[in-house]
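# A structural walkthrough
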Amino acid sequence: MIAVNFPFIKSIHFEELNIPYPKKKTTSYSTDIEILEAINDSVTFFNANNCGKYYVFATEAVRSSKNSELIKTVINDEFGIKLDIISGDTEAVCDFYSVMCHDANDTGAGVDIGGGSAQIFTFNDKKITNHASLRLGALRLKNLFVSKLFPNVYELNEMNGYITDKIAERFKKESIPSFYLLGGTSHVIDKINRKYLGNSKLTNDTVYGLFETLNEMPEKKKLKVFEKYAPKREFLVIPCLCVLMCMSEYFEVKEFIPMDTASREGYVYLKLKENG
């Protein structure tokens, strides 16, 4: 069994997907054909390797798209695949099970920071105790609060207040020393922390230290650092760091533990569980 979360969702920017859906199935798609080609390549690979079952699912970008139903229709008509657009809560549960598939602590929490949303979950005795999908994705925060390339002091204060308020709506304040970290931009932060600053762990202190170092850099130097360590995510690092700092303060986090996993593993687990 294989579950695929296609990266094509990055091309719709939470609003529009420019696929002119034909009235006749014989009409070819003239734009964003790479999206369909990516799916076709994957399906071809699955079939060539005799995969008995595979699932295609989408998360926040498609959830928020005005054309989410069109996306489902196009994929179904073209490939006979039923696209599963999972809810934010389900995505958070998938993230939890993904972490549990690895050698995780019995008690802790995790956060998966994407472009449009952040999934947060807490667990005790390896059982999920609370979970939520909050609109705290790095790209969403950048679009909401940052007027230029990087946030100024006023924008940072506004963004941090917004982040904390959103967390407080769904989670009580408590001490959670270890937080598992999922999501591409989060991994970029860990990479900058290790390779640029030379820190072996992503602790509360190093998160704040990294933020201060980057925030005080001249813009040109900052761009060079991001171009080297965070290509195509240059303007998402600071908003993502803001999420981590707010979470660190709210939950009294001591260490963020990067995980080489994603919601896919948890999705597969849920499907296996669902099918007995």
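Residues numbered from 1 in each chain as written. Predicted model: local features only at pLDDT ≥ 70, side-chain atom pairs only at ≥ 80, totals over all residues. Heavy atoms only, no water.

## Let's talk about the overall build of the protein
In terms of regular secondary structure, the protein is built from 11 helices and nine strands. Per-residue burial for the protein yields a buried fraction of 48% across its 276 residues. Sequence separation of 24 or more characterises 71% of the internal contacts of the protein that already satisfy a separation of 6 or more. Carbon and sulfur atoms make up 48% of the accessible area of the protein, which totals about 13,900 Å². (Helix = DSSP H or I, 4+ residues; strand = E, 2+ residues; numbered from the N terminus. Buried < 20%, exposed > 50% of the residue type's maximum accessible area, 1.4 Å probe, protein only. Contact = heavy atoms within 4.5 Å. Areas by Shrake-Rupley, 256 points an atom, 1.4 Å probe, with all protein chains shown as cover.)

## Considering the pairing of strand β7 (residues 178-182)
Burial analysis of β7 places five of its five residues in the buried class, the great majority of the element. Across the two faces of β7 the burial is the same, with S178, Y180 and L182 and F179 and L181 all buried. Note: strand β4 (residues 108-113) against β7, four bridges, orientation parallel. If you follow D112 over to β7, its bridge partner there is L182. Here four bridges tie β7 to strand β9 (residues 255-258), and the two strands are oriented parallel to one another. Across the sheet, residue S178 finds its bridge partner in β9, namely E255. (Pairing = 2+ DSSP bridges.)

## As for helix α10 (residues 237-251)
Here α10 spans 21 Å end to end across 15 residues, near enough to the 21 Å set by a 1.5 Å rise per residue. In terms of residue burial, α10 counts as a mostly covered element, since 14 of its 15 residues are buried. (Expected span 1.5 Å × (residues − 1).)

## Points about the packing of helix α8 (residues 204-216) against α10
The N-to-C vectors of α8 and α10 enclose an angle of 145 degrees; their axes lie 10 Å apart at closest approach. In the packing of α8 onto α10, the handedness of the crossing is left-handed. Two secondary-structure elements touch here, α8 through N204, V207, Y208, L210, F211 and L214 and α10 through V237, I238, L241, C242, L244, M245, S248 and E249. In terms of residue class, the contact of α8 with α10 is made up of 11 nonpolar, two polar and one charged. (Axes fitted to C-alpha atoms, helices over the stretch in contact; angles between N-to-C directions. Left-handed = near helix turned anticlockwise from the far one by under 90°. Nonpolar A, V, L, I, M, F, W, Y, C, P; charged D, E, K, R; others polar.)

## Structural notes on the packing of helix α7 (residues 184-196) against α10
Where α7 contacts α10, the two axes come as close as 10 Å, and the packing angle between them is 90 degrees. By the angle between their axes, α7 is roughly perpendicular relative to α10. For the pair formed by α7 and α10, the contact residues are T185, S186, V188, I189 and I192 on the first element and V237, C240, L241 and L244 on the second. (Parallel < 35°, antiparallel > 145°, perpendicular 65-115°, else oblique.)

## A look at the pairing of strand β6 (residues 127-134)
As judged from the seven bridges shared by strand β5 (residues 118-124) and β6, these two strands associate in the antiparallel manner. Note on β6: the bridge partner recorded for T122 is N130.

## Focus: the packing of aromatic side chains
According to the stated counting rule, one finds 18 aromatic pairs in the structure shown. Grouping aromatic residues by their ring pairs yields a cluster made of F96, Y97, F121, F123, Y180 and Y269. Lying over the aromatic face of F150, K222 brings its terminal NZ or CZ to 4.6 Å of the ring centre. (Phe/Tyr/Trp six-rings, centres within 6.5 Å; stacked < 30°, edge-to-face > 60°. Lys NZ or Arg CZ within 6 Å of the ring centre and 35° of its normal.)

## Considering the sheet that holds β9
Strand order in the open sheet formed by six strands is β6-β5-β4-β7-β9-β8, and the pairing between neighbours is mixed. Across the chains shown, the open sheet's two edge strands, defined by having one partner strand only, are β6 and β8 (202-203). Strands in contact with helix α6 (residues 153-170) are β5 and β6; relative to β6, the strand with the most contacts, it is inclined by about 140 degrees. Across the sheet, α7 touches β4, β7, β8 and β9, and the angle it forms with β7 is around 110 degrees.

## What to know about α8
Its 13 residues give α8 an end-to-end C-alpha distance of 19 Å, which sits within 8% of 18 Å, the value for a rise of 1.5 Å per residue. Listing the buried residues of α8 in full gives T206, V207, L210, F211 and L214. Down the axis of α8, the sector holding all buried residues measures 140 degrees, keeping them to one side. Across α8 from its buried face, at more than 90 degrees, point the exposed residues D205 and E216. Against the buried residues of α8 lie α6, α7, β8, α9 (219-229), α10 and β9. (Arc of directions from axis to C-beta.)

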